[in-house]
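Structural features, examined
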Amino acid sequence: MTGWRREKCRSGYCTLWKCWLIPSLAPGRRGIVMDGNKLEQLFAKFKEQAEAISARVYRVHDSSAAGRQLKNIIKELNIKKIAAAKSELVSDCLKAIKSQDVVVHTSDLRQHSEDAELGLSEMDMAIAETGTLAQDSTALDQRLVSTLPPVHVALVRIDRQVDKFVDAVDYFNEQDLLPGYIAFISGPSRTADIERVLTIGVHGPEQLYIIFVDQAGGETCE
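**Comments concerning the sheet that holds strand β7 (residues 125–127)**
If you trace the 4 strands from one edge of the open sheet to the other, you get β10-β7-β8-β11, paired in mixed fashion. Among the strands making up the open sheet, the edge pair consists of β10 (161–162) and β11 (182–185). The sheet contact formed by β7 and strand β8 (residues 132–136) spans 3 bridges and is antiparallel. Pairing of I127 across the sheet is with T132, part of β8. Against the sheet, helix α6 (residues 165–173) makes contact with β7, β8, β10 and β11, and its axis sits at roughly 160° relative to β7, the strand it touches most.

**A word on the sheet that holds strand β5 (residues 103–105)**
Read across the sheet, 6 strands follow the order β3-β14-β9-β6-β4-β5 without closing on themselves; strand pairing throughout is parallel. On the outer flanks of this sheet lie β3 (56–62) and β5, each paired with one strand and no other. Across this sheet, the average inter-strand angle for adjacent strands is 20°, counted without regard to direction. When strand β9 (residues 151–157) meets strand β14 (residues 207–215), the two strands line up parallel, connected through 7 bridges. Opposite H152, over in β14, you have L208 as the bridge partner.

**Quick word on the pattern of salt bridges**
Under the definition given, this model contains 10 salt bridges. Salt bridges here are not isolated pairs; linked through shared partners, they connect E40, R59 and D214.

The rules behind these values
- Residues numbered from 1 in each chain as written.
- Predicted model: local features only at pLDDT ≥ 70, side-chain atom pairs only at ≥ 80, totals over all residues.
- Heavy atoms only, no water.
- Pairing = 2+ DSSP bridges.
- Helix = DSSP H or I, 4+ residues; strand = E, 2+ residues; numbered from the N terminus.
- Contact = heavy atoms within 4.5 Å.
- Axes fitted to C-alpha atoms, helices over the stretch in contact; angles between N-to-C directions.
- Salt bridge = Lys/Arg side-chain N within 4 Å of Asp/Glu carboxyl O.

See the structure below:
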């Protein structure tokens, strides 16, 4: 069942028609009710779809392990400068790289994102059917770190998976105010608008790493 209502967007500058739905995920959306088998099925589906469009997908037990995975990526790519959009999960992961020879910026990202080698942020949702990440990107920092650096590392809590695009729309519809920006990210940036020649990394990151975290929060990183 669907309908439409008129609301102000989060920025307050415009009025939007907001779609409301009564789908399967409606009650208590932040804690999606799904059994272990369903969760595993969604992850397998997401991984297959995301890797088909050149994203690299990992799954770790907790935020400590996510930090170690981030550390491996930094070492593999010889990253020296990171721009990170703040969140609890991002902060936990950054604790793991304190000892490394890398500069991390979590503020003044308008200044630091352009020449950062890696952007780090947490996503709101993973859409299994297309291997797409979704995020409320109303905050400028979220957009800067996921578009300007050549490498984007996206963190996703494992229980934030949904099957279809409409489920992600439902999630954002349940927020008190519709986000001013919603980003949908499917693989690294790609375009074929010049003579239909596929080119990676022209309008955004050329590499996308996705780290799913089973038990985010409460753990201490190394």
